[in-house]
Amino acid sequence: MSNQILTCIDGSIYSASVADHAAWAAGRLKASVQLLQVLGRREASSADRSGRMVAGARRQLLEQLADLDAERAKLLRSQARLDLEEAEARLRDAGVEDVTPVLRNGDLLETLLALEETAAMTVVGKRGEAADFAQLHLGSNLERILRTAQKPVLVASRAFQPITACLVAFDGQQTAIRAVEAMACSPLFQGLETTLVLAGDATDAARRSLDAAEKTLTDAGFAAKSVVRPGSPITVIPAELQETAAGILVMGAYSHSRLRTLVIGSTTSEMIRACRVPIMVYR
Amino acid sequence: MAQMERAVARSFDLGRLRDEWLGNTRSDLIAGLVVALALIPEAIAFSIIAGVDPKVGLYASFSIAVLVAITGGRPGMISAATAATAVLMVTLVKEHGLQYLLATTILAGLLQIGAGVLRLGRAMRFVSRSVMTGFVNALAILIFMAQIPELIGVPAATYPLVARGLAILYQLPRYTKAVPAPLVCLLVITAVVTALGIDIRTVSDMGELPDALPVFLLPDIPLTLETLMIILPYAAGVAAVGLLESLMTASIVDELTDTTSDKNRECVGQGIANVATGFMGGMAGCAMIGQSIINVQSGGRGRLSTFSAGVFLLILVVFLGDLVGIIPMPALVAIMIMVSIGTFSWSSLRKMREHPPSSSIVMVATVAGVVGTHNLAIGVLIGVLLSGIFFAGKIAQIFRVRSSLSEDGTTRTYVVEGQLFFASAEDFLTAFDFGEVLDRVVIDLTEAHIWDISSVAALDTVVLKFRREGAEVELLGLNRASETIVDKLAVHDKPGALADPLAH
């Protein structure tokens, strides 16, 4: 497995925090960091509502849009270079030696998927430059990234806090079991006080798989314990985070179909919205 | 297969869908309104071209715009009833009536869906730039020609009204770009005509306008083989022209917005829209170059712009139907003249002197083919064939044969260089001197590429001719590409190919 952390920044106030989280992960994994900023679609738009078609309308419009685009692209580019430099400096200050900045044009998701292949994990911010900072609004790209990413994704919170304890949202689903297995064999969470939380009723089957997960972690040398809390995950997990003072949440990714998500929303998105700590999402 | 799965996954990607629909909401809605206002006169005008009631074109424009917005592969492109497809159906309507037009629309849609499923969007790469320019110019000429009946043998009051309309369309944007000039043109001309009581033809004189939302109906035609044979040629033409204009418009919008589109999805989307439109009593349509440019110019980028253009159009027409009816024809004619002038590629005239003659000939031939037949498909076919022939002619020039005689005068070595195919086979044959008396002939093909059976046959002929003269023939260095094709196609490698045993 490669030892590179793909880190996506976009110049929003999350960029610094994303860099810090990447530095934390890089320190633990002894990994290099690839700093990625994608310059998305430039939305130059003329405000000509006259509905006219002059002779050579197409050429003229193309030139006009190209000029507007070029101007914006130049601005974006120099801003992006500054953002990248700043993040790179932050990472180097935090002791990461191998940092590669990458600046690309194009669709964020496609670029991410292409670069992710050679990475061990991805770090992104909870919301981006364009997103509303109203608390309940997630970045529009985040859900897309979480759905399509093949590697684990660390969703950075607004500011980095030292992490000493870790909470695992365990729902007995396949993705949660895989998340625990991945945790067990990664140095990322080694030495953190780990609590597995099962929200809802403890059926026998759930209890058994919770115990199995706990055993997986203790066998790997974790100081792990498990708790069952009645209630819906959306209320239980944030409360438990406070109680255990956990600095990071681990969970499995979207396990429901898109259709269901469309109708009733996804627990994963809800959780990311409700929790104020960084979240590690495993597929 | 994997690519297809990705494409399917992409079209159901919620984030992408949200982006394509709601990424640009405000501008899309405004652009949709501007486009709808410009679409109404066009839809009416194109119905008149096809010889059907304005409501056929208006229903079609609504249903095509809305459906392509959902199913198409190029967000921000405007599709509706078009001149390109309307001109194809003139004789059909004249001879068989509206019901056959509806059936043709459905069949054309089915053919387009088939083309999309078979991924024929790729065939667009054989349509060169010159052919596209010819297509656009021919389209502009067709739109203009369709206005001529409204300009000849009409009351004299028409001319000042058209002139006034054109003045508004071209002058108004200099003062304000916030108001759609076509709307002002329609309002002013209508007001002038009503106020002065000028007796002139209006839209309601051209046929029925929509008075209700469109409903689902089956075309009233006999479902026989005979019917199919009547509509199939029209449907094939409409399908081909529709896809051509749609894919061409898609690449224009791609270029304008610096984004990419899914061409095969666009084919299927156009097909679905046409099938549904036929069942709703609308005529076939496709993407519109002019309207798509207006949409992008007005800030429209997402699917919502196309969708809202269709919805606004229907609302305006159904609820303001009586007002639409009193619009005088000169106002429409002025707008259509603007569209035709804006669609024409004027720079192509200037560039005819700079471009190589072959590309200008292709462009002019495409235009001539269309104007002569009123069928854009035929014009494009002529253009594509000509550009293929010109290309072959150019590549055939990359060909040369040198030769040298050995010192004892018994062996001649021919060195063949360049591209050997049907267009250069003739030159290849004449490059050899069969009259020369030789013991041995060496043909060195190391630097040559053999492309097709014409060149293989030519090579065979040369070898046979030399053998008949009693010379030993040796072929040297058939490079890998040539070797494979010779192995597959050649005659002289196989036993019994040579009638004359002397050569062995």
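None of the values given here were measured: they were computed from a predicted structure.

**Student:** Quick rundown of the overall build of chain B? Include the residues and the values.
**Tutor:** Looking only at helices and strands, one finds 22 helices and six strands in chain B. Compactness check: chain B gives a C-alpha radius of gyration of 29 Å against a globular reference of 23 Å for 504 residues, more than 25% above the reference. Across its three principal axes, chain B shows a C-alpha extent of roughly 100 × 50 × 45 Å. Each of the 504 residues in chain B was classed as buried or not, and the buried ones make up 49%.

**Student:** An account of helix 16 (residues 329-343) of chain B is requested, with residue identities and associated values reported.
**Tutor:** Each turn of an α-helix holds 3.6 residues, which means side chains three or four residues apart point in the same direction. If you check helix 16 of chain B, its first and last C-alpha atoms are 21 Å apart, about what 15 residues at 1.5 Å a residue would give, namely 21 Å. Among the 15 residues in helix 16 of chain B, 14 count as buried, and that is most of the element.

**Student:** Describe the sheet that holds strand 5 (residues 153-156) of chain A, naming the residues involved and giving the relevant values.
**Tutor:** Residues and elements named next belong to chain A. The sheet built from ten strands is open, its strands ordered 3-2-1-4-5-10-9-6-7-8 with mixed pairing. At either margin of the open sheet sits one strand with a lone partner, and together these are strand 3 (99-105) and strand 8 (223-229). Neighbouring strand axes in the sheet, compared pairwise and without regard to direction, differ in orientation by 20° on average. With seven bridges joining them, strand 2 (residues 32-39) and strand 3 adopt parallel strand pairing. Looking at the pairing, Leu 36 lines up with Val 102 of strand 3.

**Student:** Could you give an account of the confidence of the model for chain B, with specific residues and numbers?
**Tutor:** All names here are of chain B. Averaged over every residue, the pLDDT of chain B is 87; the share at 70 or more is 92%. Taken element by element, chain B is modelled with least confidence in helix 1 (residues 2-11), mean pLDDT 51, and with most confidence in strand 1 (residues 79-81), mean pLDDT 96. The model gives residues 496-504 a pLDDT under 50, and that stretch makes eight contacts with residues more than four places away or in other chains. Overall fold confidence (pTM) sits at 0.76, and the ipTM for the predicted complex is 0.74.

**Student:** Go over the packing of helix 11 (residues 225-257) of chain B against helix 12 (residues 263-279) of chain B, please, and point to the residues and values.
**Tutor:** All names here are of chain B. Where helix 11 meets helix 12, the closest approach of the two axes is 10 Å, and the angle between their N-to-C directions is 135°. By the angle class used here, helix 11 and helix 12 are oblique. Note on packing geometry: the crossing formed by helix 11 with helix 12 is right-handed. Contact with helix 11, carried on its side by Gly 242, Leu 243, Ser 246, Leu 247 and Ala 250, involves Lys 263, Glu 266, Cys 267 and Gln 270 of helix 12 and no other residues of that element. Split into classes, the residues belonging to the contact of helix 11 with helix 12 amount to four nonpolar, three polar and two charged.

**Student:** Go over the packing of helix 3 (residues 25-50) of chain B against helix 14 (residues 303-319) of chain B with me, naming the residues and quoting the values.
**Tutor:** All names here are of chain B. Where helix 3 meets helix 14, the closest approach of the two axes is 7 Å, and the angle between their N-to-C directions is 45°. Overall, the two elements helix 3 and helix 14 adopt an arrangement that is oblique. Where helix 3 crosses over helix 14, the two elements pack in a sense that is right-handed. Taking contact as the criterion, the partners of Thr 25, Asp 28, Leu 29, Ala 31, Gly 32, Leu 33, Val 35, Ala 36, Leu 39 and Ile 40 in helix 3 are, on helix 14, Leu 304, Ser 305, Ser 308, Ala 309, Phe 312, Leu 313, Leu 316 and Val 317.

**Student:** Describe the pairing of strand 9 (residues 248-252) of chain A, listing the residues and the values that go with them.
**Tutor:** Residues and elements named next belong to chain A. When you tally the buried positions in strand 9, you get five out of five residues, the bulk of the element. By the alternation rule, side chains of strand 9 split into Ile 248, Val 250 and Gly 252 and Leu 249 and Met 251, which are all buried. Here strand 6 (residues 165-169) runs beside strand 9; their pairing, made up of three bridges, is parallel. Counted as the bridge partner of Val 168 is Val 250 from strand 9. Sheet analysis places strand 9 next to strand 10 (residues 279-282), joined by four bridges and oriented parallel. Looking across to strand 10, one finds that Met 251 is bridged to Val 281.

So, how was this worked out
- Residues numbered from 1 in each chain as written.
- Chains lettered and ligands numbered in written order.
- Predicted model: local features only at pLDDT ≥ 70, side-chain atom pairs only at ≥ 80, totals over all residues.
- Helix = DSSP H or I, 4+ residues; strand = E, 2+ residues; numbered from the N terminus.
- Rg over C-alpha atoms; globule rule 2.2 N^0.38 Å.
- Buried ≥ 20, exposed ≤ 12 C-beta atoms within 10 Å, placed from the backbone.
- Expected span 1.5 Å × (residues − 1).
- Pairing = 2+ DSSP bridges.
- Axes fitted to C-alpha atoms, helices over the stretch in contact; angles between N-to-C directions.
- pLDDT = per-residue confidence, 0-100.
- Contact = placed C-beta atoms within 7 Å.
- Parallel < 35°, antiparallel > 145°, perpendicular 65-115°, else oblique.
- Left-handed = near helix turned anticlockwise from the far one by under 90°.
- Nonpolar A, V, L, I, M, F, W, Y, C, P; charged D, E, K, R; others polar.

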